[in-house]
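Coordinates in review
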Amino acid sequence: MSGDLPDMNNTFDPGCRRCPRLAAFLDGVRVEEPDYFCRPVPPFGDPQAQLLIVGLAPGRHGANRTGRPFTGDHAGILLYATLHKFGLASRPISTAADDGLRLLNARITNSVKCLPPANKPLPMEIKVCNDFLRAELQQSRRARVILALGAIAHMAVLRACGLPNGAHRFAHAAEHSLSGDRVLLDSYHCSRYNTQTRRLTTSMFEGVIGRARDLALAARPG
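Residues numbered from 1 in each chain as written. Predicted model: local features only at pLDDT ≥ 70, side-chain atom pairs only at ≥ 80, totals over all residues. Heavy atoms only, no water.

1. Details of the pattern of salt bridges
One pass over the full model with this rule turns up 11 salt bridges. Put simply, Asp 27 and Arg 30 hold a salt bridge, and the shortest N to O gap is 3.0 Å. Placement of the pair is Asp 27 and Arg 30 together in helix α1 (residues 20–32), with a separation of three residues, close to one helical turn. One salt bridge in this structure joins Arg 107 and Glu 136, with 2.7 Å as the shortest N-O distance. Taken together, the residues span a long stretch of sequence, with Arg 107 in strand β3 (residues 106–110) and Glu 136 in helix α4 (residues 123–139) at a distance of 29 residues. For Arg 107, a relative accessible area of 1% puts it in the buried group. Look at the salt bridges and you will find they share partners, linking Arg 17, Asp 27 and Arg 30 into a network. (Salt bridge = Lys/Arg side-chain N within 4 Å of Asp/Glu carboxyl O. Helix = DSSP H or I, 4+ residues; strand = E, 2+ residues; numbered from the N terminus. Buried < 20%, exposed > 50% of the residue type's maximum accessible area, 1.4 Å probe, protein only.)

2. Section: helix α3 (residues 74–85)
Its 12 residues place the ends of α3 18 Å apart at the C-alpha level, agreeing with the 16 Å of an ideal helix rising 1.5 Å per residue. Here α3 has its buried residues at Ala 75, Gly 76, Leu 78, Leu 79, Tyr 80, Thr 82 and Leu 83. Those residues of α3 that are buried are in contact with β1 (44–45), β2 (51–55), β3, α6 (192–196) and α7 (202–218). Among the residues trailing α3, Gly 87 stands out with phi positive, at a value near 75°. (Expected span 1.5 Å × (residues − 1). Contact = heavy atoms within 4.5 Å.)

3. Some details on the packing of α3 against α7
In the contact formed by α3 and α7, the axes pass within 10 Å of each other and the chain directions differ by 50°. Judged on the interaxial angle alone, α7 and α3 are oblique. Crossing handedness for the pair α3 and α7: right-handed. Of the residues in α7, those touching α3 at Leu 78, Leu 79, Thr 82, Leu 83 and Lys 85 are Thr 202, Phe 205, Glu 206 and Ile 209. The class makeup of the residues in the contact of α3 with α7 is five nonpolar, two polar and two charged. (Axes fitted to C-alpha atoms, helices over the stretch in contact; angles between N-to-C directions. Parallel < 35°, antiparallel > 145°, perpendicular 65-115°, else oblique. Left-handed = near helix turned anticlockwise from the far one by under 90°. Nonpolar A, V, L, I, M, F, W, Y, C, P; charged D, E, K, R; others polar.)

4. A closer look at the packing of aromatic side chains
In total, this model carries one aromatic pair according to the counting rule given. Between the aromatic rings of Phe 170 and Tyr 188, the centroid separation amounts to 6.2 Å while the plane-to-plane angle is 55°, which identifies the pairing as tilted. One end of the pair, Phe 170, is in the loop between α5 (151–160) and β5 (175–178); the other, Tyr 188, is in the loop between β6 (182–187) and α6, with 18 residues separating them in the sequence. Just as Phe 170 is buried, Tyr 188 falls in that class too. A cation over a ring is seen here: Arg 68 above Phe 44, with NZ or CZ 4.3 Å from the ring centre. One Lys or Arg, Arg 199, reaches over the ring of Tyr 188 and ends 4.0 Å from the middle of that ring. (Phe/Tyr/Trp six-rings, centres within 6.5 Å; stacked < 30°, edge-to-face > 60°. Lys NZ or Arg CZ within 6 Å of the ring centre and 35° of its normal.)

5. So, the pairing of β3
The buried fraction of β3 amounts to five of the five residues, a majority that puts the element mostly inside the structure. Side chains Ala 106, Ile 108 and Asn 110 project from β3 onto one buried face, and the interleaved Arg 107 and Thr 109 project onto a second face that is buried too. Sheet topology places β1 next to β3; two bridges connect them, and they run antiparallel. By the bridge assignment, Phe 44 is partnered in β3 with Ile 108. Relative to β3, β2 runs parallel, the two sharing five bridges. By the bridge assignment, Val 54 is partnered in β3 with Thr 109. (Pairing = 2+ DSSP bridges.)

6. Remarks on the state of the cysteines
Applying the stated criterion across every chain yields a total of zero disulfides. Cys 19 carries a free sulfur, and the closest cysteine sulfur to it, the one in Cys 16, is 6.3 Å from it. You can call Cys 19 buried: its relative accessible area is 12%. With no disulfide of its own, Cys 114 lies 6.0 Å from the sulfur of Cys 16, the closest cysteine sulfur. Among the residues examined, Cys 114 registers a relative accessible area of 10% and is labelled buried. (Disulfide = S-S within 2.5 Å.)

Take a look at the structure:
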C-alpha cells in the first residue's frame, strides 16, 4: 500500500485514526462496501518527482474504493488523461491501484487522506491531516512545483509551508512563489460539478497542467 515511499515513512500512516468522525465513517462504509479500500489513501507516484499534485480527499466510489488517488471516479478522468497528454503518466486512464499505470516526474497526494462524509472534511480534520502533507513537502526535496486542485488544497499547502491563509490568494492558474525556489500553482478542482458546469474546461485544465510540467522541467539542473 505504501511501497513507493521507501524514504518517506513519516508522510503517511496506513492505520491512522486521528480523526474520530472520519474513522467512524470509514468503519460504516466498510460494513456497507466490504470490498472497498476504506482506509487512509496513500500518495501515489514518484517520491523524487518535481511536480506534486495536491487534491482534497478520497471520493467514496473513487480512491476510497480503489486505494489510489483520483482513481475510479469522475474527477480522475480528466486528471489522468491530461497528465498522459503532457507526458506525466504512462496511461490516460486510471482504473485500479494495480493497473500498471505509472506517474512520470509527478506525484499525487491529498489534503485529507480519509473519505469524509459528503466529501466535506471539517477544518480540524484538514488541520490534523496537514501533519502528513507538511512531512511530505519537507521530505520531497526535489519537488519544485506544487499544484493545488481547489481552494482547500491551496490553503492546506500554505499551512504545510507555515504560511497564513492570506499569504497567497487562490485563483485558477495563479502562481505563487514559496520558499526553497518552489512555486504553488492553482487550479479549480477537476470535479464532476466543475467540469459539467464548465467552470473548469478541458482547455483550462490542460493549460494549468502544461504550465506545471514546463515549470517542473525548467527546475531540472543542467
